[in-house]
Amino acid sequence: MPSPALRRPENIAGDLYVDDTCIDCDTCRWMAPDTFDRAGEKSRVHRQPRTPAELQRALMALVACPTASIGAAEHHDMKPVLAAFPDRLADLAGQPAADGAAPGPQGVYHCGYHHEDSFGATSYLVVRPAGNVLVDSPRFAAPLVKRIEALGGVRTLFLTHQDDVADQDKWHKHFGCERVLHAADVHAATRDVERKIEGDAPVRLDDELTVIPTPGHTAGSACLLLGDQFLFTGDHLAWSERRGQIVGFRDACWYDWGQLVESTRKLLSRRFTWILPGHGRRCHFPPEEMARQMQRCVEWMEGAA
Ligand code: SF4
């Protein structure tokens, strides 16, 4: 539970606050930038919400926070906040929800309920006729489980790499979903996953889903391509607000930077319009601009070697 006694002095006065247990995962800052920013090595409330929409986004960040580090001095009705997860980002054609996506429920969702054991990584739900897909593992939280049940459950749980697996066994047991993880990232907690991807060649899971091994961040990191719109990248690639471009995490590369760069080159031949990462920010561009951004990313990576 967030603690008023641990309220960071960097917070602006008022209802919402971040306490000193924040692990600096960035989630609240991209979910509700009108309310949260970074001060020192952690988040803070830089401005109290001024509209119902801002308050809703800030309270959604409170729910998503992996360490329960966001507190509220006032009472809030949390029912509509809990009901907002998973949060629909786009329809299956790639049209953003905010820009008039086709009516749901089919589409790609942000699950919320980030898990501390995955250092607050983002997980996603794909709702589609061919069977729903969970990408990486959110907290196994009852309100989220119920909402996913209502959306048709989970057929496949794709794990991008060894770090973001948290409650994967609980999701598997509840929904009976097939878990997919690259063999090079299988460890004791994941030794029972149903499908282990071998080697560096892309593997088609079905007509819409392709696993693309992208070793670098870890030996068994892999991206999941959904159709020609969505690339789920785990910790391989993300948008950097600071650099204004797509990046790989040079300072958080646990295996081999050279292979990470080569893995990114392999993606240049793929068409997609969204990058949906575990850590870092997501981005969405028309196909030609995404191709340009990916080329720019590779050139930057080569310089960062
Ligand atoms: S979501 Fe929680 S842990 Fe992550 S940066 Fe915000 S307050 Fe910190």
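Residues numbered from 1 in each chain as written. Predicted model: local features only at pLDDT ≥ 70, side-chain atom pairs only at ≥ 80, totals over all residues. Heavy atoms only, no water.

Draft legend 1. The arrangement of the overall build of the protein in detail. Broken down by element type, the protein carries seven helices and 19 strands. Its C-alpha radius of gyration of 19 Å places the protein within 12% of the 19 Å reference for a compact globule of 305 residues. Each principal axis of the C-alpha atoms in the protein carries an extent, and together these give about 55 × 45 × 40 Å. For the protein, the proportion of contacts with a sequence separation of at least 24, taken over those separated by at least 6, is 55%. On the protein, roughly 12900 Å² of surface is accessible, and the fraction owed to carbon and sulfur atoms is 51%. Within the protein, the 42 negative side-chain charges are centred at a point lying 2 Å from the centre of the 34 positive side-chain charges. (Helix = DSSP H or I, 4+ residues; strand = E, 2+ residues; numbered from the N terminus. Rg over C-alpha atoms; globule rule 2.2 N^0.38 Å. Contact = heavy atoms within 4.5 Å. Areas by Shrake-Rupley, 256 points an atom, 1.4 Å probe, with all protein chains shown as cover. Lys, Arg positive; Asp, Glu negative; His and termini not counted. Charge placed at Lys NZ, Arg CZ, Asp CG, Glu CD.)

Draft legend 2. Structural detail: the nonpolar core. Formed by 41 residues in total, the largest nonpolar core has its most connected members in Phe36, Leu125 and Trp171. Contributions of two or more residues to this core are made by strand 1 (16–18), helix 1 (27–31), helix 2 (52–64), strand 7 (124–127), helix 4 (142–150) and helix 5 (168–175). It is helix 2 that provides the largest number of residues to this core, a total of six residues. For leucine 125, the residues in contact, after removing those within four places along its chain, are Pro86, Gly107, Val108, Tyr109, Cys111, Asn132, Val133, Leu134, Ile148, Leu151 and Val154. (Core = buried A, V, L, I, M, F, W, Y, C linked by side-chain atoms within 4.5 Å. Buried < 20%, exposed > 50% of the residue type's maximum accessible area, 1.4 Å probe, protein only.)

Draft legend 3. Spotlight on the sheet that holds strand 10 (residues 178–182). In space, the seven strands of this open sheet follow the order 5-6-7-8-9-10-11, with mixed pairing throughout. Of all strands in the sheet, those bounded by a partner on one side alone are strand 5 (87–90) and strand 11 (195–197). Put simply, the sheet's adjacent strands are angled 25° from each other on average, direction ignored. Taken together, the three bridges between strand 7 and strand 8 (residues 133–135) define a ladder with antiparallel strand orientation. Its bridge partner being in strand 8, valine 126 is matched across the sheet by valine 133. Those strands touched by helix 5 are strand 8, strand 9 (156–158) and strand 10, and its axis lies near 150° from that of strand 10. (Pairing = 2+ DSSP bridges. Axes fitted to C-alpha atoms, helices over the stretch in contact; angles between N-to-C directions.)

Draft legend 4. Local environment of helix 6 (residues 257–266). Trp257, Leu260, Val261, Ser263 and Thr264 are the residues of helix 6 that are buried. An end-on view of helix 6 places all buried positions within 160° of arc, on one side of the element. On its buried side, helix 6 packs onto helix 7 (287–303). In this structure aspartate 256 caps helix 6, since a side-chain oxygen of it lies 2.9 Å from the backbone nitrogen of glycine 258. (Arc of directions from axis to C-beta. Polar contact = N/O pair within 3.5 Å; in protein donor to acceptor, adjacent residues only side chain to side chain.)

Draft legend 5. Representation of the sheet that holds strand 15 (residues 230–234) in the model. Pairing is mixed in the open sheet, where six strands are placed in the order 12-13-14-15-18-19. Across the chains shown, the open sheet's two edge strands, defined by having one partner strand only, are strand 12 (203–204) and strand 19 (283–284). Here five bridges tie strand 13 (residues 209–213) to strand 14 (residues 222–226), and the two strands are oriented antiparallel to one another. Residue pairing in the sheet places valine 211 in a bridge with leucine 224 of strand 14.

Draft legend 6. Examining the site of the ligand more closely. What surrounds the ligand is a group of 13 residues, the closest being Cys22, Cys25, Cys28, Ser43 and Cys65. When grouped by side-chain class, the residues that make up the shell around the ligand number eight nonpolar, three polar and two charged. (Near = heavy atom within 4 Å. Nonpolar A, V, L, I, M, F, W, Y, C, P; charged D, E, K, R; others polar.)

The values reported here are purely geometric and, on their own, carry no functional implication.
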